[in-house]
Every structure is written in structure tokens, then in C-alpha cells.
Amino acid sequence: MAATYRTHMSIIGDILTTTRDEIPDEAGASVTYLIRKANISYGRISKILETLVQQGLLEQTSSYRACKYKISSRGREFLQAYRGFREFAETFGLRI
Amino acid sequence: MEFVLEIILNLVGFGVGLLIGIFAHIGFKNTGSPTLFRLTVAFLSISIGFGVVGLGYMGDSFFIHSGKIESGIQTLGIGIQTVGYFFIAFSHGIKSFFPKSRYLKSIVVPLFIIPGNSIEHIIRSISFILLVYGTIETIMSYMENRKTSTIFVASGLGLLALGEFLGWYSIVFPKSVLYVISISTKIVGLGALFVPISKVPLRGMKFGGNI
């Protein structure tokens, strides 16, 4: 199977989808869990998570040992809009 | 008949291009996606191009009454549309528009040495090539994702390409039915482009902040 290049936006989409649909517990998803699910390096995901928290799309919650992340209501709205725009671009055979 | 069809075509083109361009712009503002930026430039150019030609036709129809559009206005409008078609093709990954300098010369130099009427036909032929490229790439995407909406866009671009080709070919048979068929084909093509876009939910897309 050919490898598919993921754009920056699609990685963000994957992270937000994971924090919305697949969080392992109420506190949210750990960085390690997100790295595994989103399949990207620690260095890259750290920067993206920082941006997403700054933009208010993710909520950072402190846990017993490490920071955990949950999607915010703003993040849910963004994810819905992102899917609309992704659908729009895919209609033209493109990826955002 | 041709005049009325031309006005309809250009109004439809202006409206469809503007709607798709605005939607792409909202997407770009929210996501910062370069793809959506290119689609914004593409469809706003297409819209402005149709608008310029449409204004030319309406201006003649209402004020000048000469029965034909000023060739400079027609060429300007078609040129702006071609920029839009270029950006659609470019979004699919054209590596280089002018790969070697001799190709550059063969495309750019004739623009300066041939009469105005021929410039319009050169621009039409460039539009045709770009639209065919966009159509083929969109069909390739359809082969991967099998989305019905993608085949609508491919058909739309293909019909626009056919319309451009017939419009360009009508130089061989001026005043024939070819030109009317060309305009009608382009109107149907624009309609096909709009069908899948109309199904994308346009509401609730406002979102601040560029990530």
C-alpha cells in the first residue's frame, strides 16, 4: 500500500478527533497516547499541542503524573468546520 | 441569441465563482490551508473574469448597441479566468509552468507580436490545457476516493474545457452554431461545478483564529 502524505491540517484533525472520540479516561489523553494515535514525533506533537491549547481548541488538564488533553467546545466547533472544509477540498480532489 | 447566452453564461460564471471563492476564503481564514488559499484565488479570478466579460456585454447591450463586445474587454476577462484555471491546475501540483526557457519564449513572445484578436485565442487554448489537466487530476482523485461529488467537479471542469475548445475552434467556422454550443456547454459545466458545492454545509462555518 502506498504511503499517504498527511498535511499539517490533517494531523491537527486527527489529534482533535482522538481527543474527542478516543480519550482513555475522563481526565483526557496523555501525550504518549496522542503520539501513538496520531503517529507523529514528540517534538512535533508538542508544538502542535501548545498551539491548540493557546487557540482554545484543547484543554490541558493536570493529572497525577503528566499533562492530559481534552477537546474544548471551541475545538468541537472547529472540528465540525474542518470536516466541512475537508469535504469541500476533497470535492476538487485536493487535501487541506 | 448568442448575446443573451453570453450574458447568462457570464452571470452564472460570476455567481458560481464568487460563491465557491467566498467559501474557500472562509476555509482559508479559519485553517490557513494553502490549498484553500489557491482555491480562493482560483475561483475569485474566475468570478472576476466572468464579471468583466459580463459587464462588457451588458455595457454594449444597454449603452453602446454595437452588437459585439469590445475585444480588449473580452480578452481581459478571459485572461483573468485563465489565471483562475491555472491556480486550479496548480493546486494539483504542476511542478513548473514554464519548464525551460525556450518554452517560455514560445508562450510569452507570441503575445507581443500577434494581433489582439489572436491573443484571445491563445489565452483560450491555455485555458483549455489547464482545464484538461485539472479534469484528469480530478478523475484520478475520483479513482482513489470514489466520491460522487468529485466526479461532478471533474465533469464540470471537463465541460468547461470542451466549451473553451469549441469557442477556440469556432475561429475556423465563424458565425456557426459552434459558438452557441460552446457557451451552452460552459453553462452546463459551471452548473456541474456548483452541484457538489451546494451540498457542503455552508452554515456554522464561521470560526476565528488561524492555526
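Data block above holds the structure.
Remember, it's a predicted structure, so these values are computed and weren't measured experimentally. Numbers given to residues run from 1 along each chain, matching the order in which its sequence is written. All chains are assigned letters beginning with A, and all ligands numbers beginning with 1, in the order in which they are written. It should be noted that, the model being predicted, local features are given only for residues of pLDDT at least 70 and side-chain atom pairs only at 80 or more, the latter also being counted only at that level, while totals for whole chains, interfaces and linings use all residues. Heavy atoms from the whole structure form the basis of all side-chain values; hydrogens and water molecules are not counted.

Novice: Kindly report on the nonpolar core, identifying the contributing residues and their values.
Specialist: The biggest cluster of nonpolar side chains holds 62 residues, and the ones touching the most others in it are A:Ile15, A:Leu16, A:Phe88, A:Phe92 and B:Phe43. Those residues in contact with A:Leu16 that lie beyond four places of it in its chain are A:Leu52, A:Leu57, A:Leu58, A:Ile71, A:Gly75, A:Phe78 and A:Leu79. Among the buried residues, those of types Ala, Val, Leu, Ile, Met, Phe, Trp, Tyr and Cys that are joined through side-chain atoms within 4.5 Å form a nonpolar core. For each residue, the accessible area found with a 1.4 Å probe, counting protein chains only, is set against the maximum for its type, and the residue is called buried under 20%, exposed over 50%, and partly exposed in between. Whether two residues are in contact is decided by their heavy atoms, any of which lying within 4.5 Å being enough.

Novice: Residues and numbers for the packing of aromatic side chains, please.
Specialist: Two rings from Phe, Tyr or Trp (for Trp, the six-membered ring) form a pair when their centres are within 6.5 Å of each other. A pair whose planes differ by under 30 degrees is stacked, one over 60 is edge-to-face, and the rest are tilted. All chains considered together, the criterion is met by nine aromatic pairs over all chains. Geometrically, the ring pair formed by B:Phe87 and B:Phe90 is edge-to-face, given 6.2 Å between the ring centres and 80 degrees between the ring planes. Here B:Phe87 pairs with B:Phe90, and both are found in helix 3 (residues 71-91), just three residues apart, close to one helical turn. Within the aromatic cluster, the residues linked to one another by ring pairs are A:Phe85, A:Phe88, A:Phe92, B:Phe23 and B:Phe43. Comment: elements are numbered from the N terminus, with helices defined as DSSP H or I runs of at least four residues and strands as E runs of at least two.

Novice: Please provide a residue-by-residue account of the interface of chain B and chain A, values included.
Specialist: Size of an interface, as often reported, equals the accessible area lost when the parts are brought together. On the side of chain A, 21 residues touch chain B, which itself brings 31 residues to the contact. Note on chain B versus chain A: buried area summed over both sides is about 2300 Å², and carbon and sulfur give 76% of it. When a carboxyl oxygen of Asp or Glu lies within 4 Å of a side-chain nitrogen of Lys or Arg, that pair is called a salt bridge. Between chain B and chain A we count two salt bridges in total. Among the salt bridges present, the one from A:Glu90 reaches B:Lys147, with a minimum N-O distance of 2.6 Å. In protein, a polar contact means a hydrogen-donor-capable atom and an acceptor-capable atom, both N or O and within 3.5 Å, with residues adjacent in sequence counting only if both atoms are side-chain atoms; elsewhere, any N or O pair within 3.5 Å suffices. For the interface between chain B and chain A, the tally reads five residue pairs in polar contact (both at pLDDT 80 or more). Within the residue set of the side of chain B that touches chain A, elements represented by two or more residues are helix 1 (2-31), helix 2 (34-64), helix 5 (116-145), helix 6 (148-169) and helix 7 (178-199) of chain B. Sort the elements by how many residues they give to the side of chain B that touches chain A and helix 1 of chain B lands first, with seven residues. Buried area is calculated as the accessible area (1.4 Å probe) missing from two parts once they are joined, with the contributions of both summed.

Novice: Give a description of helix 4 (residues 73-91) of chain A that names residues and reports values.
Specialist: Residue and element names in this part refer to chain A. With 19 residues, helix 4 should reach 27 Å at 1.5 Å per residue; the first-to-last C-alpha distance of 28 Å fits that figure. Those residues of helix 4 that fall on the buried side of the exposure criterion are Gly75, Phe78, Leu79, Ala81, Tyr82, Gly84, Phe85, Phe88, Ala89 and Thr91. One or two steps after helix 4, the chain reaches Gly93, where phi turns positive at roughly 75 degrees. Any helix carries an expected span of 1.5 Å times its number of residues minus one.

Novice: With reference to specific residues and values, describe unusual backbone geometry.
Specialist: Trans peptide bonds make up the majority, and among non-glycine residues the majority have a negative phi. Positive phi is not limited to glycine here, since A:Asn39 has a value of about 60 degrees. Looking at the secondary structure, you find A:Asn39 in the loop between helix 2 (31-38) and helix 3 (42-54). By relative accessible area, which is 62% here, A:Asn39 ends up exposed. For B:Arg146, which is not glycine, the phi dihedral falls at a positive 55 degrees. Residue B:Arg146 is classed as exposed on the basis of its relative accessible area, which comes to 53%.

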